[in-house]
Amino acid sequence: MRLAHLHLTKPISYVRSLALQDALLHRHFDFKDSLRARRSLRSGVSGEPDQSRVDIKGPTNDPSGLVPAPFPNFVSKRTETTRTKRNLAPAPLETSTSTSTSSSSSSLSFAATTDNPGAEHSSPNPPDPTLITFSTTPTYTVGRRHLQTNPISPSQQAFLSASGAATFHASPRGGLLTYHAPGQLTGYVVADLRRHGISPRCWIQMLEDCVMHTCAAFGVRDTTRTDDPGVWIKGSDRKICAIGVQVSRGITSHGVGFNIFDHSIPPDMASTFAFTPTQIKSPSYSPLTKGFLSWGFSRVIACGLEGKSVTWLDREKGDQQTATNPTHIPHIADEFAVQISRHINRMRSNGKEEISAVYTISEADLGL
């Protein structure tokens, strides 16, 4: 089994990112349905497709498919007692010697035969796990489950959209309100956790470890995890990466929002993305860069958690040069793909499948 990696160099809409992810999810769901049908033929039991599969696109009359119910309050009401205590110790730091170690493949096969003939899913052509990395146009998202207890009112949605400067979507993932924009690396991982023998809770911790190892590879080693999900800077209230996943029929989707640099706002868009006095006072605002991340995160309570702020990789480096020469996001994406493959192999259960290589694919390979 290999890990396919699709990196998109230009910002895309959040709706487009869901469409790409949906194409991958349905490859996995269709494969599971075909396995069920083959088993039913052997046993003589009806093999109807699983009706529990999730339609990520949502209603056809709403392009996002995700319209939340009205409700006040951005701030999370979650208390410590609502979360199970997690293992906060990260895996020992181990970085690759190169950030461009991904193998390339001129022809994509999402149907590579499993490397383990005795595995549970041993069958012709199971889909490869796939990582999609990209940046979006300015977008606020919130997990659907959070909306059940903290819905967002129409007036709050209007505030978040900022007269069209940003968009707002409820998301199938878990997690609270967060923001995506140029300068952030969003990473969706679509993989069958059962093939690796990894639980959803361990998967989330694995993603956090992958981000921490990627940070270390680019000079920021003082990262950690806390009782709140995501990756944080040690000894501070600054969050560098948000984590939000969904698992359906053992298939994971969504993933990380990893802040890399405060992408500059073009001069012709400066009036649209103007900063208010309140934003300038926010700890998530950088007077040095004044970019898309500063703008979006300074408008809200970071991650719905009072007293917390947001930071990014280049900001934590403390290098003034990064303001004019930011870290190259494709290099971060390549390193993150390497860390995903390493950590899947490290965390997989005995006898379960491992990742033998990383190969690159293109958007056209998804057939959209």
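Our structure is the block above this text.
Everything in this summary refers to the structure shown in the same document. (Residues numbered from 1 in each chain as written. Predicted model: local features only at pLDDT ≥ 70, side-chain atom pairs only at ≥ 80, totals over all residues. Heavy atoms only, no water.)

## Some words on helix α5 (residues 200-217)
Counted only if it meets this: Secondary structure counts use DSSP, requiring at least four H or I residues in a row for a helix and at least two E residues in a row for a strand, with both numbered from the N terminus. Working rule for helices: expected span equals 1.5 Å times residues minus one. For the exposure calls, accessible area comes from a 1.4 Å probe over protein chains only, and a residue counts as buried if that area is under 20% of its type's maximum, exposed if over 50%, partly exposed in between.
For α5, spanning 18 residues, the distance from its first C-alpha to its last is 26 Å, which sits close to the expected 26 Å at 1.5 Å a residue. Extensive coverage of α5 is indicated by the burial of 13 of its 18 residues.

## A word on the packing of aromatic side chains
What counts here: Stacked, tilted and edge-to-face are the three classes assigned to paired rings of Phe, Tyr and Trp, where Trp is represented by its six-membered ring and a pair needs centres within 6.5 Å; plane angles under 30 degrees give stacked, over 60 edge-to-face, the rest tilted.
Within the structure shown, the criterion is met by 7 aromatic pairs. Residues Tyr140 and Tyr179 carry aromatic rings whose centres are separated by 4.9 Å and whose planes lie at 40° to one another, so their mutual orientation is tilted. On the criterion of sequence distance, the pair formed by Tyr140 in strand β4 (residues 139-143) and Tyr179 in strand β6 (residues 178-180) is long-range, its members being 39 residues apart. An identical accessibility class is assigned to Tyr140 and Tyr179; each is buried. Seen from their ring centres, Phe275 and Tyr285 are 5.2 Å apart, and the 65° between their planes marks the pair as edge-to-face. In this pair, Phe275 is assigned in the loop between β11 (251-259) and α6 (277-280) and Tyr285 in the loop between α6 and α7 (292-297), connecting sequence segments 10 residues apart.

## Let's talk about the nonpolar core
Within soluble globular proteins, side chains that are nonpolar tend to cluster in buried spots. For clarity, the cut-off: Nonpolar core, defined: a set of buried Ala, Val, Leu, Ile, Met, Phe, Trp, Tyr and Cys residues in which side-chain atoms within 4.5 Å join the residues together. Contacts: residue pairs with any heavy atoms within 4.5 Å of one another.
Core analysis: the largest hydrophobic core is formed by 37 residues, its most contacted members being Trp203, Leu207, Phe258 and Ile340. Elements with a contribution of two residues or more to this core: β7 (184-192), α5, β9 (231-233), β10 (238-248), β11 and α9 (329-347). Beyond its immediate stretch of four places on either side in the chain, Leu207 contacts Val189, Ile243, Val245, Gly255, Val256 and Ile340. Counting residues in each nonpolar core, the second largest holds 23 residues, with Ile152, Ala162, Ala170 and Ala181 among its members.

## Some remarks on the environment of Ala166
By the secondary structure assignment, Ala166 is in the loop between α3 (154-161) and β5 (167-171). A relative accessible area of 4% places Ala166 in the buried class. Note: C-alpha distance between Ala166 and Ala181 (15 residues apart in sequence) is 9.1 Å. Other than its neighbours up to four places away in sequence, Ala166 contacts Pro138, Thr139, Tyr140, Leu160, Ser161 and Trp295.

## Some thoughts on the packing of α5 against α9
Spelled out, the test is: Each axis is a line fitted through C-alpha atoms, taken for helices only over the stretch in contact, and angles between the N-to-C directions span 0 to 180 degrees. Each angle receives one of four descriptions, namely roughly parallel if under 35 degrees, roughly antiparallel if over 145, roughly perpendicular if within 65 to 115, and oblique otherwise. For a crossing to be left-handed, the near helix must be turned anticlockwise from the far one by less than a right angle; the clockwise case is right-handed.
With their axes 9 Å apart at the nearest point, α5 and α9 run at an angle of 135° to one another. Accordingly, the angle class assigned to the pair α5 and α9 is oblique. Once α5 is placed against α9, the crossing between them reads as right-handed. Counted together, Cys202, Trp203, Met206, Leu207, Asp209, Cys210, Val211, His213, Thr214 and Ala217 of α5 and Ile332, Glu335, Phe336, Gln339, Ile340, His343, Ile344, Arg346 and Met347 of α9 form the full contact between these two elements.

## Details of unusual backbone geometry
Of note, the phi angle at Ala162 is positive, near 50°, even though the residue is not glycine. Residue placement: Ala162 occurs in the loop between α3 and β5. Under the relative-accessibility criterion, Ala162 is labelled buried at 19%. Of note, His254 is a non-glycine position whose phi angle comes to about 60°, a positive value. Tracing the sequence through the fold places His254 in strand β11.

## Some thoughts on the state of the cysteines
Keep this limit in mind: For the purposes of this analysis, a disulfide is any pair of cysteine sulfur atoms at a distance within 2.5 Å.
A full pass over the atoms with the stated rule returns 0 disulfides. Not part of a disulfide, Cys215 finds its nearest cysteine sulfur in Cys241, a span of 7.5 Å. The exposure class of Cys241 is buried, given its relative accessible area of 1%.

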